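Structural characterization, general
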Number of protein chains: 2
Amino acid sequence: MTEKRAAILLVMDGGGDRGVKDLDGQTPFQAAHTPNLDSLAKSGQNGLLDVIGPGITPGSDTAHLALFGYDPASTYPGRGPLEALGAGLDSRPGDVAFRSNFATVNDDMVVLDRRAGRDFTEEEGKAFKEVIDKLTIEDVTVHFTHTVEHRGALILRGPNLSADITDIDPHETGEKILTCEAENEEAEKTARIINKMIEEVHNRMKGLKVNQEREERGLPPANVLLLRGPGKHQNVSTLQNRFGIRSAVIAGGALYIGTAKYVGMEHLPVDGQTGTIETNFTNIAKKTIEAVETGFDYLFLHIKATDNASHDMNYEEKILAIEKTDEMIGRILERVSDKIVIGITGDHTTPVTVGDHTCDPVPLTIWADFIRSDDVEHFSEFHAANGSLHGIRGKDVMNLLLGYAGHIEKYGA
Amino acid sequence: MTEKRAAILLVMDGGGDRGVKDLDGQTPFQAAHTPNLDSLAKSGQNGLLDVIGPGITPGSDTAHLALFGYDPASTYPGRGPLEALGAGLDSRPGDVAFRSNFATVNDDMVVLDRRAGRDFTEEEGKAFKEVIDKLTIEDVTVHFTHTVEHRGALILRGPNLSADITDIDPHETGEKILTCEAENEEAEKTARIINKMIEEVHNRMKGLKVNQEREERGLPPANVLLLRGPGKHQNVSTLQNRFGIRSAVIAGGALYIGTAKYVGMEHLPVDGQTGTIETNFTNIAKKTIEAVETGFDYLFLHIKATDNASHDMNYEEKILAIEKTDEMIGRILERVSDKIVIGITGDHTTPVTVGDHTCDPVPLTIWADFIRSDDVEHFSEFHAANGSLHGIRGKDVMNLLLGYAGHIEKYGA
C-alpha cells in the first residue's frame, strides 16, 4: 500500500531570476548559501516549470491557481474575489467582488485624493465598515472590510450579478467619479446597483465623526469608495472534492490566502507572518510541522519576501530572503522529513535586473525521502534545466505532489 | 519594466537532418562551420522542436502555421489560399483558392500536355491572365495570376463557396478533363461554377494570338487550366489582433510569403531574394536590420536553400546553405544584437539521405543578450537534445519569442 504523506508546496514568490552581472552572472538562487535547498535538489527531482505556458508571463493570481492544479483559463475569477477572501470576507460563487480604496471627493463627486491620505487606523476602518457593510441595494447585500492603509475589499451578493462593468475610478484627481456602465445586457443590474451604492456610501460616510476628527487633524476625510479588479466568484470544485484531502495555506499576503481559500484551503494564521523579509520564518516552520503532525494532507507555504526584493531590484535582499527560507526548510526537514513530500518553486520569474514579472520558467524541486533522484546537485534555474522533470507545466505540480504523497487514486484498475 | 524588442524567427527550411555516413555520421548542421549559430546556441536556450507533434511529419504550410503560433488543425486552409496570397492575389476569408497549371487539351477536352510545354514568358502569362482574371460565373468572380513557368493561382470569390470538391486534373495525358463534383451538398454550387468556368476559360484561351504564336514556334498551346490544392480561406485572427504587433515576412518562396500574409504579416521584398542557394543573403541581412530599426515587432526570415539541397540529397550544398545563413546571422547580430530576441530552427527535417520530409524533430535555439543560457555549446540536432527548452512544440515558439521580446501581456495580475 502507498503510504499517505503530507504534500507541501513551498512557493518563493518571484523567485526565478536571470544572471546578475554583480554576482558574476549568477542568479540569486545560485549566489545564495542554501544547504537545505541544495540537499533537496541533490536527492530529489528537478525541472524547469512554465507556470502557465512557454512565453506566458504569469500574474501572481493565475500562477497560484495553476500551481494548485486549476486551469486559470476556466477558473480565474479576476482579482476581486481572491482579495476579498484574503481579507477575510466570505466570498461565494455568484458574488461579485472588488478591491477598494477609501477616497476623498467634494460635493460634486470630484476626486480630491484617490487614497484619502493613505493612513487609516483600525478604529477608523471599523467606523467606515459599520456604515458600508450589510448595506442593501434592491435585492443585493454589500459586504465590506477594511484591510491595510486606505485599502479594503467589497462584495456584492444577490441574484444575477456580473463583473462585466466599467471602472468608477477616474484614476486622476480633479476628475469626477465615473458612472459605472454595463458592458453587456447581463451586467446592467450590477452597474445600476454600484451607482446607487456609491451614492449611498458617500452619503453615509461623509458625515461620520471619524471624518470630522480626520479633518481636525488636517487629514482628508474618507467619504467615498473607489472600486477596482471586479471579478465574479466562479463555482470551482474544491481540493477536498477533487482529491478528498484536507488542505491549508500558510501565507502572509491577502492575495495568496485568498487564492488558496478560493480552491478550498483553510488558512492557518502564523504569529508574526507578514509579506515582508521581517516575516517570522521560525513560526512558519513551527506551524508547518504542527500541521503535518495534526494530519493535513496538503500545505501551501508562501514566502513573499523574494518578490518584494525583486521588484525593488535588490539582489542582496533577495539572497537574504532565499537564505532565510532555506533555514526555515531545514527546520521543517529536521522534524518531519519522513512524513512529507515537498515541492519547492516560484510562481514566476521576477528578475532583479527587470523589477517586474517575466516569462522565464522557474526551477522546481520535488523531494521525498523515497523519491528517485536525478543528476542535479544544486537548487537553481540553471541546474534545474538538467533535471529529470525536464520542462513541466504549473498545473501538473499538484498532481505530482499529491501523487507521490499517496492522495491520488489509481486511474483504472 | 520589460523592454520591448523585435522578435526574429529564422527558419532554415528542411534544416533538420540525420547522421550522414560520408560526414562521419554527422548531420549537415554539425559538419558545417557555423561560428554564429554556435555562439547563439552557447549563450542561448536550446531544445528539440516537434513542429506539429511527435511522429508527425509536417508539411511546409502546416509547419509554418504552427511556428506562427496557430493550430493547423483549426486554421489550415489547404494550399490554395496560401499560394494565392504568395502569388500576390488578395485572397480573403470565404474565398476558395487553387494552384493552377496551364495545360493543353484537344477539342474533346482530352489532356495532351499537363504543363503545356512548361515554359511561358511573362507576356504570355499576361495575355492569358487578361481573359481569365475578373471572369464572372453566376455571382462568383474569378481572380487569376500567372506565377512562374506553367504555374498560377486562382481565386473564386462569392457567397457560399466550398473547397469540398473533386479534382478536374486526370493526372495523365490522353485522359479527358474530369467533371468537378461536390463532396457534399454545400459544395454543389462551387462544383457547378468550376465546370462552367473551365469551359469558358477554354473557349477564351484557345483562340488567343499568343497560342497561335506558340504553335508557330512548335510549342503546345495553353488552352485550359488544371486546378489543384483547393482551399477555403478561413477567418483567422491576425497577429496584430492577437498580440498587437507589427509583423513582416522576408522570404523568397510564394508559399512562405503567402502563409505569413495569411496570419497578417506584411511582405518585405528583398532585392535578389529567391528560394535558391543563389539568394542574396547580404540583402536579406540588410532588410532585416532595417526592419528592426524601423520598429517591426516580429520578423519571419525564411531560407529555402537548405530544403532544396535536402530534396536533391546533396549534403555539400546543404552545408553551403547553412554556412551562408550563418554568415547572414553574423551580419544581423553585428548591427542589432541588443535590439532583438531571435529564434532559429527548421520547419521540418528533410534528411539528405531520404530526400523528403520526415518526422524527426528539429533543433531550436532562442537567444537574447539577457536570456538565461544552458549547457549546450553547438547548434545541432544532437546538442539541442540537452538544452533547457527540452522537447517543445511548434506552436509554443511564437509565445516564447514574443514573451521574451516583451510583446505578451501578463496573464492575470
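Keep in mind the model is a prediction, meaning the values are calculated, not measured.

**Side note on the sheet that holds strand β11 (residues 298-303) of chain A**
All names here are of chain A. The sheet built from eight strands is open, its strands ordered β10-β9-β11-β1-β12-β13-β2-β14 with mixed pairing. Each edge of the sheet is formed by a strand with only one pairing partner; in this case those strands are β10 (266-267) and β14 (390-393). The sheet contact formed by strand β9 (residues 247-250) and β10 spans two bridges and is parallel. Its bridge partner being in β10, A248 is matched across the sheet by E266. Sheet strands touched by helix α15 (residues 397-404): β1 (6-12), β2 (45-50), β11, β12 (340-345), β13 (362-367) and β14. Its angle to β1, the strand with the most contacts, is close to 145 degrees.

**Focus: the packing of aromatic side chains**
Counted according to the given criterion, the structure contains 14 aromatic pairs over all chains. For the pair F102 of chain A and F120 of chain A, a centre-to-centre distance of 4.9 Å together with 55 degrees between the ring planes defines the contact as tilted. Of this pair, F102 of chain A sits in strand β3 (residues 96-105) while F120 of chain A is found in the loop between β4 (111-113) and α6 (122-132), placing the two residues 18 residues apart along the sequence. Judged by its relative accessible area of 11%, F120 of chain A is buried. Ring pairing ties together the aromatic residues F102, F120, F128 and F144 of chain A, which thus form one cluster. The ring of Y70 of chain A carries R242 of chain A above its face, with NZ or CZ at 4.4 Å from the centroid. The ring centre of F296 of chain B lies 3.9 Å from the NZ or CZ of R246 of chain B, which sits over that ring.

**A short note on helix α2 (residues 35-43) of chain B**
All names here are of chain B. Looking only at α2, the buried set comprises L37, D38, L40 and A41. The buried residues of α2 occupy one face: seen down the axis, they fall within an arc of 160 degrees. Where α2 is buried, its residues touch β1 (6-12), β2 (45-50), α13 (315-336), β12 (340-345) and β13 (362-367).

**Points about the layout of surface pockets**
Residues and elements named next belong to chain A. Approximately 740 Å³ is the volume attributed to the largest pocket. The wall of the largest pocket is formed by 31 residues, among which E83, R99, V148, R151 and A254 lie closest to the centre. When contributions to the lining of the largest pocket are tallied by element, the ones reaching two or more residues are α5 (79-86), β3, β7 (151-157), α10 (254-262) and α12 (305-311). Of the residues assigned to the lining of the largest pocket, the class counts are seven nonpolar, 14 polar and 10 charged. Counting only domains with at least three residues in the lining of the largest pocket, you end up with domain 1 (6-76 + 236-404) and domain 2 (83-232).

**Regarding α15 of chain A**
One turn of an α-helix holds 3.6 residues; hence residues three or four places apart share an orientation. All names here are of chain A. The set of residues buried in α15 consists of V397, M398, L401 and L402. Buried residues of α15, seen end-on, are gathered within an arc of 115 degrees and therefore sit on one face of the element. Following α15 by one or two positions, G406 has its phi on the positive side, about 80 degrees.

**Focus on the domain arrangement of chain A**
It is common to give the size of an interface as the accessible area lost on bringing the parts into contact. Residue and element names in this part refer to chain A. Once the domains are mapped, chain A shows domain 1 (6-76 + 236-404) and domain 2 (83-232). Computed from C-alpha coordinates alone, the two centres of domain 1 and domain 2 are separated by 34 Å. Taken together, the contact between domain 1 and domain 2 spans six residues of the former and five residues of the latter. Of the roughly 470 Å² buried between domain 1 and domain 2 on both sides combined, carbon and sulfur atoms contribute 62%. Looking only at domain 1, the three residues that lose the most surface to domain 2 are A254, L255 and K261, adding up to 63% of its buried area. Along the contact surface separating domain 1 from domain 2 lie zero salt bridges. Counting across the interface, domain 1 meets domain 2 through one residue pair in polar contact (both at pLDDT 80 or more). Classifying every residue of the side of domain 1 that touches domain 2 gives four nonpolar, one polar and one charged.

**A word on the interface of chain B and chain A**
Taken together, the 19 residues of chain B in the interface contact 32 residues of chain A. Summed over both partners, the interface of chain B with chain A buries about 2,100 Å², with 53% contributed by carbon and sulfur atoms. Of the charged contacts, one joins D396 of chain B and R393 of chain A as a salt bridge, the two residues approaching to 3.5 Å between their closest N and O atoms. Run the count over chain B and chain A and you get 11 residue pairs in polar contact (both at pLDDT 80 or more). For the side of chain B that touches chain A, the element with the most residues is helix α15 (residues 397-404) of chain B, which contributes four residues. Of the residues in the side of chain B that touches chain A, the class split is seven nonpolar, eight polar and four charged.

**A look at the packing of α2 of chain B against α13 of chain B**
Residue and element names in this part refer to chain B. Between α2 and α13, the shortest axis-to-axis distance is 7 Å and the interhelical angle comes to 65 degrees. When α2 is examined against α13, the residues P35, N36, L37 and L40 are found in contact with a partner set consisting of I322, D326, E327, I329, G330 and L333. Residues belonging to the contact of α2 with α13 are distributed by class as follows: six nonpolar, two polar and two charged.

**Points about the pattern of salt bridges**
Applying the stated criterion across every chain yields a total of 53 salt bridges over all chains. A salt bridge links K339 of chain B to E293 of chain B, with the nearest nitrogen and oxygen atoms 3.8 Å apart. Taken together, the residues span a long stretch of sequence, with K339 of chain B in the loop between α13 and β12 and E293 of chain B in helix α11 (residues 281-293) at a distance of 46 residues. Ionic contacts of the salt-bridge type, sharing partners, join the residues D61, R79, E83 and R99 of chain A into one network.

**Some remarks on the environment of I392 of chain B**
All names here are of chain B. Structurally, I392 is set in strand β14 (residues 390-393). On the basis of relative accessibility, which here comes to 7%, the residue I392 falls in the buried class. Every residue in contact with I392, bar those within four places of it in the chain, is listed here: L48, L49, D50, L364 and L400.

**Description of the packing of helix α6 (residues 122-132) of chain B against helix α7 (residues 188-206) of chain B**
Residues and elements named next belong to chain B. Remark: α6 packs on α7, axes separated minimally by 9 Å, with the N-to-C direction vectors making an angle of 135 degrees. Judged on the interaxial angle alone, α7 and α6 are oblique. Crossing of α6 over α7 shows right-handed handedness. Facing F128, V131 and I132 of α6, the residues of α7 in contact are V201, R204 and M205.

**Brief notes about the nonpolar core**
Residue and element names in this part refer to chain B. The biggest cluster of nonpolar side chains holds 46 residues, and the ones touching the most others in it are L9, F68, M265, Y298 and F300. Only β1, α3 (60-67), α5 (79-86), α9 (239-243), α10 (254-262), β11 (298-303), β13 and α15 provide two or more residues apiece to this core. Broken down by element, the residue count for this core peaks at six residues, all from α15. In this structure Y298 touches A7, L9, L67, F68, I245, R246, S247, A248, M265, M398, L401 and L402, once residues within four positions along its chain are discounted.

**Examining unusual backbone geometry**
Of note in this structure, M313 of chain A is not a glycine but carries a positive phi near 55 degrees. Position of M313 of chain A relative to the elements: it lies in the loop between α12 and α13 (315-336). Of note in the backbone geometry, E149 of chain B takes a positive phi value of approximately 50 degrees without being a glycine. Assignment of secondary structure puts E149 of chain B in the loop between β6 (140-146) and β7 (151-157).

**Here's the deal with the sheet that holds strand β10 (residues 266-267) of chain B**
All names here are of chain B. Ordered by their spatial adjacency, eight strands build an open sheet running β10-β9-β11-β1-β12-β13-β2-β14, and the pairing between neighbours is mixed. Every interior strand has two partners, whereas the edge strands, β10 and β14, have only one. The sheet strands contacting α11 are β1, β9 (247-250), β11 and β12, and the helix crosses β11 at an angle near 175 degrees.

**Looking at the side chain of S91 of chain B**
Residue and element names in this part refer to chain B. Looking at where S91 falls in the secondary structure, it is placed in the loop between α5 and β3 (96-105). Within the structure, S91 has its side chain in polar contact with the side chain of H233 (distance 2.6 Å). In this structure S91 touches P81, A84, L85, I155, R157 and H233, once residues within four positions along its chain are discounted.

Conventions we followed
- Residues numbered from 1 in each chain as written.
- Chains lettered and ligands numbered in written order.
- Predicted model: local features only at pLDDT ≥ 70, side-chain atom pairs only at ≥ 80, totals over all residues.
- Heavy atoms only, no water.
- Pairing = 2+ DSSP bridges.
- Helix = DSSP H or I, 4+ residues; strand = E, 2+ residues; numbered from the N terminus.
- Contact = heavy atoms within 4.5 Å.
- Axes fitted to C-alpha atoms, helices over the stretch in contact; angles between N-to-C directions.
- Phe/Tyr/Trp six-rings, centres within 6.5 Å; stacked < 30°, edge-to-face > 60°.
- Buried < 20%, exposed > 50% of the residue type's maximum accessible area, 1.4 Å probe, protein only.
- Lys NZ or Arg CZ within 6 Å of the ring centre and 35° of its normal.
- Arc of directions from axis to C-beta.
- 1 Å grid on protein atoms, 1.4 Å probe; cavity = no way out; pocket = protein on both sides within 12 Å on 5 of 7 lines; lining within 4 Å.
- Points joined across faces, edges and corners; volume = space filled by probe spheres on them.
- Nonpolar A, V, L, I, M, F, W, Y, C, P; charged D, E, K, R; others polar.
- Domains from an automatic or database assignment.
- Buried area = accessible area lost by both parts, 1.4 Å probe.
- Salt bridge = Lys/Arg side-chain N within 4 Å of Asp/Glu carboxyl O.
- Polar contact = N/O pair within 3.5 Å; in protein donor to acceptor, adjacent residues only side chain to side chain.
- Parallel < 35°, antiparallel > 145°, perpendicular 65-115°, else oblique.
- Left-handed = near helix turned anticlockwise from the far one by under 90°.
- Core = buried A, V, L, I, M, F, W, Y, C linked by side-chain atoms within 4.5 Å.

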